[in-house]
Amino acid sequence: MNKFLVIQTASIGDVILATPIIEKLHFFYPEAKIDFLVKKGNESLFNSHPFLNKVLVWQKSTDKYKNFWILINHIRDKKYDCVINVQRFVSSGLMTVYSGAKITIGFNKNPFSLFFTKRVKHTIKKGNRHETERNLDLVRVITDKSSFPVRLYPSQRDYAKMSQYKTIRYITISPASLWFTKQYPIEKWVEFISEVETEMRIYFLGSKNDYKICEGIIKNSKHINSLNLAGKLSFLESAALMKDAIMNFMNDSAPLHFASSVNAPTTAIFCSTVPSYGFGPLSENSVVVESKEKIDCKPCGLHGLNKCPKKHFKCAITINKNDLLKRI
């Protein structure tokens, strides 16, 4: 097989957790061309990626279905030998079926998996394997059972640009999340940061939508050596900055996987969710911080919710700040 297409058009974190497939395909088929399909906005994750031939982009925010069919025709024209679908939704299933590839592989939960050449069981339950291992199940039939790491490749330019921030000891904090019950409360971040030594530089990371949250935390914590970089760095620049930090603090969210992708030191705060479902950190120096109290309603779901169903949010407010401080 000489031409592969990997499809993962979900969120940033999901795309990063699919990168071991790229690593493994390249190892077993070093001369093959590997393409990767993502939704618009996530393509910069693969800037200058050494093992990818091309990144295909699905523009979903405007003319979603028109762009969908244009993309399907483009995929058919490419005549891939193998299409690997990491997603479990209808749209990616149609892309896979209509690709015309000789071999099509995907999870059995995809509505169109009946028409795939190979269907792979996907099970998420407590104590199950990491999501990266479940993703690698997709290519075991054409490789072997070995594991490969999650990996992104910041460029030398990314590292050079971040070098200006590395002249002093520093930590990074990514305080936001798309889901309320995954986000460590702002007042708890303030409580923690207020006790971080003033000589330690703190860089706040996130999207431009997170800028105000970061500003509020900086203002209320009164930590004079803090800098708000939310919305100012690219994905790969953020990963490059995380790599050399004393420690990186974040919720169960995309920044966790950025840190894993460059083996950066990680302290991941899990509020309503649990790492045993297979979405925890993978860095060598990584720790998950959770409440030590017995909370019967945790986890309240596989993913985050917009509000605490019990209205007490104990899974977050009972986390001890000292468990964070001792990671510095």
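Read on for an overview of the structure. Just so it is clear, the model here is predicted, and its values are computed rather than measured. (Residues numbered from 1 in each chain as written. Predicted model: local features only at pLDDT ≥ 70, side-chain atom pairs only at ≥ 80, totals over all residues. Heavy atoms only, no water.)

1. A few points about the overall build of the protein chain
Stage number 1. For the protein chain, the helix and strand inventory stands at 12 helices and 12 strands.
Stage number 2. For 328 residues, the compact-globule estimate of 2.2 N^0.38 gives 20 Å, and the C-alpha radius of gyration of the protein chain, at 20 Å, lies within 12% of that figure.
Stage number 3. Projecting the C-alpha coordinates of the protein chain onto the three principal axes gives extents of approximately 60 × 45 × 40 Å.
Stage number 4. A total of 328 residues make up the protein chain; the buried ones form 53% of that total.
Stage number 5. Intrachain contacts of the protein chain at a sequence separation of at least 6 include 62% that bridge at least 24 residues.
Stage number 6. A gap of 6 Å separates the mean positions of the 48 positive and 28 negative side-chain charges of the protein chain. (Helix = DSSP H or I, 4+ residues; strand = E, 2+ residues; numbered from the N terminus. Rg over C-alpha atoms; globule rule 2.2 N^0.38 Å. Buried < 20%, exposed > 50% of the residue type's maximum accessible area, 1.4 Å probe, protein only. Contact = heavy atoms within 4.5 Å. Lys, Arg positive; Asp, Glu negative; His and termini not counted. Charge placed at Lys NZ, Arg CZ, Asp CG, Glu CD.)

2. Some details on the environment of Arg134
Stage number 1. With respect to the helices and strands, Arg134 occurs in helix α5 (residues 131-136).
Stage number 2. In sequence terms Arg134 and Ala230 are 96 residues apart; their C-alpha atoms lie 32 Å from each other.
Stage number 3. In contact with Arg134, other than residues within four places in its own chain, are Phe107, His122, Thr123, Ile124, Asn128, Arg129, Tyr277, Gly278 and Phe279.
Stage number 4. Within polar-contact distance, the side chain of Arg134 engages the backbone oxygen of Arg129 at 2.6 Å. (Polar contact = N/O pair within 3.5 Å; in protein donor to acceptor, adjacent residues only side chain to side chain.)

3. With respect to the packing of helix α3 (residues 64-78) against helix α4 (residues 90-97)
Stage number 1. Orientation of α3 relative to α4, taken along the N-to-C sense of each, is 30 degrees, at an axis distance of 9 Å. Classified by the angle between their axes, α3 and α4 sit roughly parallel to one another. Read as a crossing pair, α3 and α4 show a hand that is right-handed. Taking contact as the criterion, the partners of Phe68, Leu71 and Ile72 in α3 are, on α4, Ser91, Leu94 and Met95.
Stage number 2. Residue composition of the contact of α3 with α4, grouped by class: five nonpolar, one polar and no charged. (Axes fitted to C-alpha atoms, helices over the stretch in contact; angles between N-to-C directions. Parallel < 35°, antiparallel > 145°, perpendicular 65-115°, else oblique. Left-handed = near helix turned anticlockwise from the far one by under 90°. Nonpolar A, V, L, I, M, F, W, Y, C, P; charged D, E, K, R; others polar.)

4. Concerning unusual backbone geometry
Among all residues except glycine, the phi angle is most often negative; among peptide bonds, the trans geometry is most common.
Stage number 1. Pro299 follows Lys298 through a cis peptide bond whose omega is -5 degrees.
Stage number 2. One non-glycine residue, Lys79, lies in the positive phi region at around 55 degrees.
Stage number 3. Along the chain, Lys79 falls in the loop between α3 and β4 (82-85).
Stage number 4. Of note, the phi angle at Lys311 is positive, near 65 degrees, even though the residue is not glycine.

5. Some points on the sheet that holds strand β2 (residues 33-39)
The strands making up a sheet are joined through hydrogen bonds of the backbone, oriented either antiparallel or parallel.
Stage number 1. Read from one edge to the other, the open sheet built from six strands follows the order β3-β2-β1-β4-β5-β6, with strand pairing classed as parallel. Edge positions in the sheet fall to β3 (54-58) and β6 (118-120), since each has one partner strand and no second. For this sheet, the mean inter-axis angle between neighbouring strands, taken without regard to orientation, is 15 degrees.
Stage number 2. Note that strand β5 (residues 103-107) and β6 share three bridges and pair parallel. (Pairing = 2+ DSSP bridges.)

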